[in-house]
Structures are given as C-alpha cells and as structure tokens.
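Remarks on the overall topology
In case you want the letters, here they are:
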Amino acid sequence: MRKWLKALSREDKRIVGTDIVRSNSGGRWVMPTCRPLASRRGLLEVRSSLTQNRIARVLFCIHQGQMVLLHGFIKKTQQTPENDLDLAVKRQKEVEGGKAAK
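Residues numbered from 1 in each chain as written. Predicted model: local features only at pLDDT ≥ 70, side-chain atom pairs only at ≥ 80, totals over all residues. Heavy atoms only, no water.

1. Quick look at the pattern of salt bridges
Across all of its chains, the model carries six salt bridges by this definition. Where R22 meets D19, a salt bridge forms, and the shortest distance between an N and an O atom there is 3.6 Å. Of this pair, R22 and D19 are both found in helix α2 (residues 10-23), three residues apart, which corresponds to roughly one turn of the helix. Residue classification places D19 among the buried positions, given a relative accessible area of 8%. Sharing partners across several salt bridges, the network here consists of R35, E45 and R57. (Salt bridge = Lys/Arg side-chain N within 4 Å of Asp/Glu carboxyl O. Helix = DSSP H or I, 4+ residues; strand = E, 2+ residues; numbered from the N terminus. Buried < 20%, exposed > 50% of the residue type's maximum accessible area, 1.4 Å probe, protein only.)

2. Overview of the pairing of strand β6 (residues 66-75)
Bridge analysis of strand β5 (residues 55-63) against β6 gives nine bridges, and the strand direction is antiparallel. Within β6, the position partnered with I62 by the bridge is M67. If you look at the hairpin formed by β5 and β6, you'll find two residues sitting between the two strands, and Q64 has a positive phi there, around 50 degrees. (Pairing = 2+ DSSP bridges.)

3. With respect to the sheet that holds strand β3 (residues 34-36)
Read across the sheet, four strands follow the order β3-β4-β5-β6 without closing on themselves; strand pairing throughout is antiparallel. Of all strands in the sheet, those with a lone pairing partner are β3 and β6, marking the two edges. Within this sheet the neighbouring strands show an average axis-to-axis angle of 25 degrees, counted without direction. Relative to strand β4 (residues 44-49), β3 runs antiparallel, the two sharing three bridges. Following the sheet pairing, R35 is matched in β4 by E45. Each of β3, β4, β5 and β6 is contacted by α2, which is oriented at about 135 degrees to β4, the strand it contacts most. Packed on one face of the sheet, helix α3 (residues 82-96) meets β5 and β6 and runs near 165 degrees to β6. (Axes fitted to C-alpha atoms, helices over the stretch in contact; angles between N-to-C directions. Contact = heavy atoms within 4.5 Å.)

4. Describing the environment of K76
Within the secondary structure, K76 is located in the loop between β6 and α3. Relative accessible area serves as the criterion here: at 77%, K76 is assigned to the exposed category. The spacing of K76 and R57 is 19 residues in sequence and 11 Å in space, taken between C-alpha atoms.

5. Things to note about unusual backbone geometry
You will see that N53, though not glycine, has its phi angle at about 55 degrees, which is positive. Summarising the element assignment, N53 is placed in the loop between β4 and β5.

This is the structure:
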C-alpha cells in the first residue's frame, strides 16, 4: 500500500488522503466516498477521482476500531478485478490473524 501511494503524483496523493479522511465521519463510513464491498464481507473501499480522468480505489477493513488500508490501485475497468480483491482479502486475514501485512 505504501509503495503504491508513494508512486502517485503529489496532487493524486492529496486527493486520496483527503478522501480517506473524509470517508470516516464521526465513526461511521459515508457515501459517496466510501462504501462496503458486497462481494467481500468486511471489506470497504474509498473511491477517489484522480487527475487525468483516472479513478483510484483503496480497499480497507476495520480492525479493533481502526481503519487498516489493505490495497490501493488505479481502476481500469468498471468491475473491480478479482486479483485486487483477493490480495485485499489475503491482507485482511493477515491483519485479523495477528500477522503483519506486507
């Protein structure tokens, strides 16, 4: 996740960071910036519109009352790719199992 964020432009980092902060309003997750993923129990996504008409998603979970960022990517198709979802689920299981996510 950190490597992906560092690779973004300064403006895109600002947009993603603002959307992450905005998605949590008083302990509840709010649309349209944030929504749960129906296909994956316990996963939520932050939705960001980046520069150059690109769309980013940050997948996260809530663990012990804290937002844990699991995976970020630039969306290229309308549907979220399975490999991105699978990676987020793998990292979620590592977090919930007490192992450090890589």
